Amino acid sequence: DAAMYAVKRSGRGRYGVYTPELDIRVRDAEMRRAVENDEFVVHFQPVVRLTGDGGGMTVEALVRWNHPARGLLMPGAFIELAEETGAVVAIGEWVLREACRQAAGWQTVNLSVNLSARQVTRTGLAETIRDILAETGFPADRLVLELTESVILHPDEATVARLEALRAMGIGISVDDFGTGYSALSYLRTLPVSVLKIDRSFITGIDTDPDTYAVAEALVRLAKAYRLQVVAEGIETAEQARCVTEMGCDYGQGYHFARPMPGPALAELLAARLSPERS
Ligand code: C2E
Ligand code: MG
Ligand code: MG
Ligand code: MG
């Protein structure tokens, strides 16, 4: 097997066969141990209101792994594997609990949390979330769950029921990275979706390229036709912010407004925003 390669077994002076399969098992165990050892960290990125009174801030919880040897890892370095092995269920539950716990101490902030396919298709999701909300005191009607299109393209009956149960609790459902998946629009009709987040790839270039602008504008109009709230992701310049506001986007998220930051920094930002002394 070309995929197999030999490694020296530690301290034994013998050679064993180290397969990708074994590697995956080792890394899965490492991720599960990391949950136990509190090695994961949640950062928060503001999602700002572009229209209206500017009130009602939302923050998105984004996981990082404070790895003892490799330093702070971004989700791109581990989420896909965690999804593959199933470790993402434990990680995701930890993120939900930790994000709700921190956000419960902040004033009237809405909290958005990413859910993986594994979590959404699992029995007991609604009960788990109900328990976490009860335990942390975070109100259900200020929680939004972000699902990607690939998760919801072909939902089975139980998953639809699960999402409806969450919606009935007052929890919002948002479609993340909209436009990058299969974009079958039928699910927008059949699933209890409330928010649509237009992926960054459609926002990059709206301020310099008329065709890109036109496509983004069409996506915003589509979302409006389904009576969904629209968030534009990945806004990096003032000009892009101006463009999406002009298109009628309700919310914007991106480095132009703020980068993801640790909870205490976000709390400070919220306090400064609410402070009457602010000039
Ligand atoms: P996402 O949910 O679409 O989150 C937005 C990502 O875009 C974040 O990357 C954020 O840091 C980045 N971003 C925000 N504004 C800008 C911008 O202006 N420019 C650029 N270039 N990037 C921007 P991050 O934190 O690396 O997360 C990547 C993805 O990992 C997330 O994409 C989400 O799909 C996944 N993820 C993060 N946290 C969790 C989690 O707790 N559970 C699960 N299942 N997935 C997560
Ligand atoms: Mg997201
Ligand atoms: Mg997103
Ligand atoms: Mg994205």
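Residues numbered from 1 in each chain as written. Chains lettered and ligands numbered in written order. Predicted model: local features only at pLDDT ≥ 70, side-chain atom pairs only at ≥ 80, totals over all residues. Heavy atoms only, no water.

As recorded in an unreviewed UniProt entry, the chain goes by Diguanylate cyclase/phosphodiesterase and comes from Winogradskya consettensis.

Attention shifts here to the site of ligand 1. Neighbouring residues of ligand 1: 21 residues in total, closest Arg64, Asn114, Asp176, Glu236 and Tyr255. Side-chain polar atom of aspartate 177 to an oxygen atom of ligand 1: 3.0 Å apart, as the coordinates give it. In the model, a nitrogen atom of ligand 1 is placed 2.5 Å from a nitrogen or oxygen of the glutamate 236 side chain. Computed on the free molecule, ligand 1 has an accessible area of 790 Å², of which 82% lies beneath the protein chains in the complex. If you tally residues by element for the shell around ligand 1, the top one is strand 4 (residues 58-67), at four residues. Tallied by class, the residues present in the shell around ligand 1 amount to eight nonpolar, five polar and eight charged. (Near = heavy atom within 4 Å. Polar contact = N/O pair within 3.5 Å; in protein donor to acceptor, adjacent residues only side chain to side chain. Areas by Shrake-Rupley, 256 points an atom, 1.4 Å probe, with all protein chains shown as cover. Helix = DSSP H or I, 4+ residues; strand = E, 2+ residues; numbered from the N terminus. Nonpolar A, V, L, I, M, F, W, Y, C, P; charged D, E, K, R; others polar.)

What follows deals with the coordination of the magnesium ion (ligand 2). Taken together, Glu60 (OE), Asn114 (OD1), Glu146 (OE) and Asp176 (OD) make up the protein donors of the magnesium ion (ligand 2), found 2.0 to 2.2 Å from the metal. All donor residues of the magnesium ion (ligand 2) come from one chain, and their arrangement in sequence is E-x53-N-x31-E-x29-D. Between the magnesium ion (ligand 2) and the magnesium ion (ligand 3), a spacing of 3.5 Å is present, and a bridge between the two is formed by aspartate 176. Of this pair, asparagine 114 sits in strand 6 (residues 110-114) while aspartate 176 sits in strand 8 (residues 172-178); the two residues are 62 residues apart in sequence, bridging distant segments of the chain. (Donors = N, O, S within 2.8 Å, 3.2 Å for Na, K, Ca; no water.)

The interhelical angle for the contact between helix 3 (residues 87-103) and helix 5 (residues 125-136), taken along N-to-C directions, is 30 degrees, at an axis separation of 9 Å. Compared by their axis directions, helix 3 and helix 5 come out roughly parallel. Crossing hand, helix 3 versus helix 5: right-handed. Along its contact with helix 3, which presents Glu93, Leu96, Arg97, Cys100 and Arg101, the element helix 5 presents Thr128, Ile129, Ile132, Leu133, Glu135 and Thr136. The residue makeup of the contact of helix 3 with helix 5, split by class, is five nonpolar, two polar and four charged. (Axes fitted to C-alpha atoms, helices over the stretch in contact; angles between N-to-C directions. Parallel < 35°, antiparallel > 145°, perpendicular 65-115°, else oblique. Left-handed = near helix turned anticlockwise from the far one by under 90°. Contact = heavy atoms within 4.5 Å.)

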